[in-house]
Amino acid sequence: MKVYKFGGASIKDVEAVKNVLTVLKQTQDTRLLIVISAMGKTTNALEKVVDAYLNNPSLLESSIFEVQNYHANIASQLFQKNHSIFTKISALFAELNTFLKTNKSTNKNFVYDQIVPYGELLSTTLIYYFLKENNFPVKFLDARECLVTNSQYREAEINWEQTCHAIKSKNLQNSITLTQGFIAAEPEHHFNTTLGREGSDYTAAIFAYCLNAQSVTIWKDVPGVLNADPRHFKNPILLHHISYKEAIELAFYGASVIHPKTLQPLQRKEIPLYVKSFQNPQAKGTCVGKGITLQPEVSCFILKKNQVLISVSSLDFSFITEHHISYIFDLLHRYKMKVNLIQNSAISFSVCIDNKFNHLPELLQKLTEQFKVRWNEGVTLYTVRHSTPLEIKSLLKNKEMLLKQESRETIQVVVKEA
Ligand code: ADP
Ligand code: ASP
Ligand code: MG
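For the structure given in this document, a descriptive report is provided here. The structure presented is a predicted model; accordingly, all values stated were derived computationally and were not measured. (Residues numbered from 1 in each chain as written. Chains lettered and ligands numbered in written order. Predicted model: local features only at pLDDT ≥ 70, side-chain atom pairs only at ≥ 80, totals over all residues. Heavy atoms only, no water.)

To continue, consider the site of ligand 1. Among the 17 residues in the neighbourhood of ligand 1, the closest are listed as Lys 5, Lys 220, Asp 221, Leu 226 and Arg 231. Side-chain polar atom of Lys 220 to an oxygen atom of ligand 1: 2.8 Å apart, as the coordinates give it. For the shell around ligand 1, the per-class residue count stands at 7 nonpolar, 4 polar and 6 charged. (Near = heavy atom within 4 Å. Polar contact = N/O pair within 3.5 Å; in protein donor to acceptor, adjacent residues only side chain to side chain. Nonpolar A, V, L, I, M, F, W, Y, C, P; charged D, E, K, R; others polar.)

Shown next as structure tokens:
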């Protein structure tokens, strides 16, 4: 059995949805679990709904309308006017509205997880009926019946034992099933949870692990994993083979084509991950698996924009020691800062962080109570694996370097773009 995952870009409009059917027909796999994420930028649009609901009620109606209109527009081009899909879509919006009316919680992460999953519920409903309409034999599975997590809303952690048990009980092995990526549920009250942004790749890996799948294929708008993000680097090179270890490093440092949590479950069971183009399904793409580190052997460039570089030093000229560092990390953890790089010297300690949940002002306030703090917002972190000195020199051209760190395989630089 194989697992496929189609992400937002692969289902962003009518043509893209039709192409999913083409890909499925071409590959001719009949034992499949298909994971689908929300269409196009729907998750971002639903984040606006959450924001309007909690902070700006005057924008609530229009933000919901944007999501509704987008899906209705696609559905109206794929189905006849009187098709039951329209009732199904209306029912999902009615359910969402009921939540918005009856909810009493002000916990943003909880509210987020009750609203944002409608992106995946809408996309899978629409694509399920589209495939059926076109005589493609597929079953529908609500992922929330299988993926069991804790209640850490927006970053829920999988309970592997219960999840594998639930997945196995569904007998998915001999047919084609369609389900949602990214969404899960907690077992106590059955509230929705989510696995973190871009988490659908991870959902595919979870199903593959529990089903002992033969492979996972994630269908993307790129030919495979490239040695650099094509949005930011010219002429990137397609990587044909990447070892699990190297791919974990690349994803960890921010090669956003694969969600970082995806690879470890696959590595455990040696399940290969194929990254392929949905525009060119016959092309080989990239295989992440056992064996050689990188084929071809080239440098890989990863860029993370919009980082914050913070440097702290003591107020009384003393050294930055373990107990200071432990206090700083406690704050970073409390404010959910994702740390991408750390560097310390005798009198200062620097971290490059992602201000993912917008708690920077609170963090800075706490830090300035105890330390002298300098910070730079909007800086870029470049990570280069297996690089040559010449490449680094050319990368740094016209950029102001704020910090550099080098290990055997990896060079990281934090820069201010000119
Ligand atoms: P999905 O449609 O599954 O959500 P994503 O947008 O998450 O797909 O991932 C595909 C995108 O990842 C590409 O369009 C590309 O811009 C970006 N990307 C970043 N780094 C790389 C890389 N090293 N190789 C290929 N694509 C990359
Ligand atoms: N729809 C979710 C997101 O955009 C999950 C995913 O696409 O992987 O983050
Ligand atoms: Mg994505």
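Let us now look at the nonpolar core. Ranked by internal contacts, the top residues of the largest apolar core, which has 57 residues, are Phe 6, Leu 24, Ile 34, Ile 115 and Leu 131. If near-sequence neighbours (up to four positions away) are discounted, Ile 34 is found in contact with Tyr 4, Phe 6, Leu 24, Ile 176, Thr 177, Leu 178 and Thr 179. Residues Leu 141, Phe 207, Val 225 and Leu 263 belong to the second largest nonpolar core, which totals 48 residues. (Core = buried A, V, L, I, M, F, W, Y, C linked by side-chain atoms within 4.5 Å. Buried < 20%, exposed > 50% of the residue type's maximum accessible area, 1.4 Å probe, protein only. Contact = heavy atoms within 4.5 Å.)

To continue, consider the pattern of salt bridges. Evaluation of the coordinates by the stated rule reveals 13 salt bridges. Here Glu 47 makes a salt bridge to Arg 197, at a shortest N to O gap of 3.0 Å. Of this pair, Glu 47 sits in helix H2 (residues 42-55) while Arg 197 is found in the loop between strand S6 (192-194) and helix H8 (200-211), placing the two residues 150 residues apart along the sequence. Note on Arg 197: relative accessible area 32%, which makes it partly exposed. Residue Lys 404 is joined to Glu 406 by a salt bridge in which the shortest nitrogen-to-oxygen separation is 3.9 Å. Look at the salt bridges and you will find they share partners, linking Lys 5, Asp 201 and Lys 220 into a network. (Salt bridge = Lys/Arg side-chain N within 4 Å of Asp/Glu carboxyl O. Helix = DSSP H or I, 4+ residues; strand = E, 2+ residues; numbered from the N terminus.)

Enumeration according to the criterion identifies 15 aromatic pairs in this entry. Their ring planes at 80° and their centres at 5.4 Å tell us that Tyr 4 and Trp 219 sit as a pair that is edge-to-face. Taken together, the residues Tyr 4 in strand S1 (residues 2-6) and Trp 219 in strand S7 (residues 215-220) connect sequence positions 215 residues apart. Here Tyr 4 matches Trp 219 in class, with each residue buried. With 5.1 Å between their ring centres and 70° between their planes, Trp 160 and Tyr 209 make a pair best called edge-to-face. Taken together, the positions of Trp 160 in helix H7 (residues 160-169) and Tyr 209 in helix H8 put the pair 49 residues apart, joining distant regions of the chain. Looking at Trp 160, the relative accessible area reads 29%, which means it is partly exposed. Look at Tyr 209 and you get buried, because its relative accessible area is 17%. (Phe/Tyr/Trp six-rings, centres within 6.5 Å; stacked < 30°, edge-to-face > 60°.)

At the junction of Gln 295 and Pro 296, the peptide bond is cis and its omega measures out at 0° in the coordinates. Even without being glycine, Phe 317 reaches a positive phi, approximately 65°. Mapped onto the secondary structure, Phe 317 falls in the loop between strand S12 (300-314) and helix H11 (322-334). Here Phe 317 falls in the exposed class, since its relative accessible area comes to 77%. In the Ramachandran plot, Lys 336 falls in the positive-phi region, its phi being about 55° despite a non-glycine side chain.

Next up on the list: the sheet that holds strand S13 (residues 338-344). In spatial order, the strands read S13-S14-S12-S15-S17-S16; together these 6 strands make up an open sheet with antiparallel pairing. Both edges of this open sheet fall to S13 and strand S16 (399-406), since each of them pairs with a single strand only. Across the sheet, the axes of successive neighbouring strands diverge by a mean angle of 30°, strand direction being ignored. Against the sheet, H11 contacts S12, S13, strand S14 (348-354) and strand S15 (371-385), and its axis sits at roughly 15° relative to S14. Seen against the sheet, helix H12 (residues 360-370) touches S12, S14 and S15 and runs at an angle of roughly 125° to S15. (Pairing = 2+ DSSP bridges. Axes fitted to C-alpha atoms, helices over the stretch in contact; angles between N-to-C directions.)

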